[in-house]
Amino acid sequence: MNRPQSNEFAPYYATYIDTVADNVLTELEQQKQALPEFLAGISPEKADFAYAPGKWTIKEMLGHIIDTERVMTYRAMRIARNDQTPLASFDEDTYVANAHFKDRTLASLAEEFATLRKANLFLFKSLNETELNRMGTASSNPVSVRALLFILAGHVNHHRRILEERYL
């Protein structure tokens, strides 16, 4: 699959897409195992840590990754199926504030991520070139299905880097 062109996504997402290797499906597959393995090295006490006031805890950040996985995959499915209805944005802070991720274990969230990603990979791998190239509108911006896959992989890369640099 070719990398998305700059007209296939909002400029904001370039920082995510730039972190992704050329074979996005391989990277998405590897993240399914690599992220939970990385998280397994974090103690339960550290999982409730936020590096500054008003920042998410590690569990909340993982919950945000899971929510984003669901939203972006839903967008990809709708656009791949040629649904041209503009798709709304979502407020990640509101989602996190209303999800009670703090009440869960980091291990359960990591397992949920792996399971969700495994299911999503069935969809991603089933898409043909026509579907991957389809364009739609999300958050008032044009986006291709292919770009959404790169955004998902880059989003995980972005947050893992933040975990390594600011939390651990």
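Structure report, in brief. By convention here, each chain's residues receive numbers from 1 onward along its written sequence. With pLDDT at 70 or above as the cut-off, local features in this predicted model cover only qualifying residues; side-chain atom pairs require 80 or more to be listed or tallied, and sums for whole chains, interfaces and linings still use all residues. Side-chain calculation: all heavy atoms of the structure are included, whereas hydrogens and water are not.

1. A word on helix α3 (residues 58-80)
Thinking step 1. Relative to the 33 Å expected for 23 residues at 1.5 Å per residue, α3 spans 32 Å between its end C-alpha atoms, a close match to the ideal helical length.
Thinking step 2. Throughout, exposure labels follow a simple rule: accessible area from a 1.4 Å probe, protein chains only, divided by the maximum for the residue type, with under 20% read as buried, over 50% as exposed, and the rest as partly exposed. Strands here are runs of E lasting at least two residues and helices are runs of H or I lasting at least four, both read from the DSSP assignment and numbered beginning at the N terminus. Summarising burial for α3: 20 of the 23 residues are buried, a large majority.
Thinking step 3. One or two positions beyond α3, positive phi appears at N82, with a value near 70°. One less than the residue count of a helix, multiplied by 1.5 Å, gives the span that helix is expected to have.

2. What about the nonpolar core?
Thinking step 1. One finds Y13, L28, V145, L149 and I151 to be the most contacted residues of the largest nonpolar core, which totals 28 residues.
Thinking step 2. Two residues form a contact once any of their heavy atoms are found within 4.5 Å. Not counting chain neighbours up to four residues away, the residues in contact with Y13 comprise M72, R75 and I151. Here the nonpolar core consists of buried residues drawn from Ala, Val, Leu, Ile, Met, Phe, Trp, Tyr and Cys, with membership extended through side-chain atoms lying within 4.5 Å.

3. Looking at the environment of S126
Thinking step 1. Its location among the elements puts S126 in helix α5 (residues 106-126).
Thinking step 2. In this structure the side chain of S126 is engaged in a polar contact, spanning 2.7 Å, whose partner is the backbone oxygen of L123. Any N or O atom pair separated by 3.5 Å or less is treated as a polar contact, with the protein-specific requirement of one donor-capable and one acceptor-capable atom, and with residues adjacent in sequence counted only for side-chain atom pairs.

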